[in-house]
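Letter by letter, the chains look like this.
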Amino acid sequence: MGNLHRLLSVIGLSAALLLSSAGVAEADTWSHADATGDVLDLALFDGDVTGTTPAPDRAEGDIQAVVVKHTRRDVRVRTAMRALPAARGWVTVGHVVTPRGRYEARAIWLVKGGRVLVLVRKPGRKETVRRCDGLRGVYDRSAATVAMRIPRSCLGNPRWVRVNVSVYDWNGDSSTLADDGMDATGWEQQVLSPKVRRG
């Protein structure tokens, strides 16, 4: 199994689990300061996570802050880290829940340079790739940030969204480094933002 396939299999496993709440406020912009030093090293075997080890000294991919802005045209998610992962293959995932469904915007940064942007709809444990003109994902290595824009039309023009952000960094044949931007207690629990209404 290639590096990219291993990363995506881990992402699929985590996204299939129950999503809980991180607060009750509702607004057109929401921000969250994530804990420092909460990166996990996920041990892998045949695409499955077999164990986790804290990696508190790991700066690359350690999410520091998440800002979600819901405008009339798109949902914007900005993620700040202590440092961006090295250019060896990594993924930033914006998990988005709307009144009508669940989506993932995946920005896949390839080992040899370049990127792949994919929007996936996740009805239950299945997923379907959706065409999404205008999907954007850029990173700024000097500022250690990733900015994603998801057109509202690709999400069914929702009244509100709830968002989670996670980063996965390939770490060799047997492990992947991961951080959740919402202070989750473990990689398998994804905590969502409160409802962020259209501004």
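It should be noted that the structure appears before, not after, this text.
Just so you know, the residues in each chain are numbered from 1, in the order the chain's sequence is written. Thresholds applied to this predicted model are a pLDDT of at least 70 for local features of residues and 80 or more for the giving and counting of side-chain atom pairs; totals over whole chains, interfaces and linings are not thresholded and use all residues. The basis for every side-chain value is the complete set of non-hydrogen atoms in the structure, without hydrogens or water.

### Considerations on the state of the cysteines
Then step 1. When two cysteine sulfur atoms are found within 2.5 Å, that pair is recorded as a disulfide. A full pass over the atoms with the stated rule returns one disulfide.
Then step 2. One disulfide in the model links Cys132 with Cys154; its S-S distance is 2.2 Å. Taking the sign of the S-S torsion, about 100° here, the bridge from Cys132 to Cys154 comes out right-handed. In this pair, Cys132 is assigned in the loop between strand E10 (128-130) and strand E11 (136-140) and Cys154 in the loop between strand E12 (145-151) and strand E13 (160-170), connecting sequence segments 22 residues apart. The helix count covers DSSP runs of H or I at least four residues long, the strand count covers runs of E at least two residues long, and both are numbered beginning at the N terminus.

### Regarding the pairing of strand E6 (residues 74-81)
Then step 1. Throughout this description, buried means an accessible area under 20% of the type-specific maximum (1.4 Å probe, protein chains only), exposed means over 50%, and partly exposed covers the range between. Extensive coverage of E6 is indicated by the burial of six of its eight residues.
Then step 2. Strand pairing requires that DSSP identify at least two bridges connecting the strands. Across seven bridges, strand E5 (residues 63-70) lies against E6 in antiparallel orientation. Counterpart to Ala65 in the pairing with E6 is Ala80.
Then step 3. In sequence, E5 turns back onto E6 through a hairpin of three residues.

### Concerning the pattern of salt bridges
Between side chains of opposite charge, a pair can form as their charged atoms come close.
Then step 1. When a carboxyl oxygen of Asp or Glu is within 4 Å of a side-chain nitrogen of Lys or Arg, the pair counts as a salt bridge. Per the counting criterion, the structure on display carries eight salt bridges.
Then step 2. When the shortest N-O distance is used, the salt bridge between Asp169 and Arg58 registers 2.6 Å. Taken together, the residues span a long stretch of sequence, with Asp169 in strand E13 and Arg58 in the loop between strand E4 (48-54) and E5 at a distance of 111 residues.
Then step 3. For Asp169, a relative accessible area of 1% corresponds to the buried category.
Then step 4. A relative accessible area of 18% means that Arg58 is categorised as buried.
Then step 5. Residue Lys122 is joined to Glu127 by a salt bridge in which the shortest nitrogen-to-oxygen separation is 2.7 Å.
Then step 6. Residue classification places Lys122 among the buried positions, given a relative accessible area of 5%.
Then step 7. A relative accessible area of 39% places Glu127 in the partly exposed class.
Then step 8. Within this structure, Glu104, Arg106, Lys122 and Glu127 form a network of salt bridges that share partners.

Any functional reading would require information beyond the geometric quantities listed.
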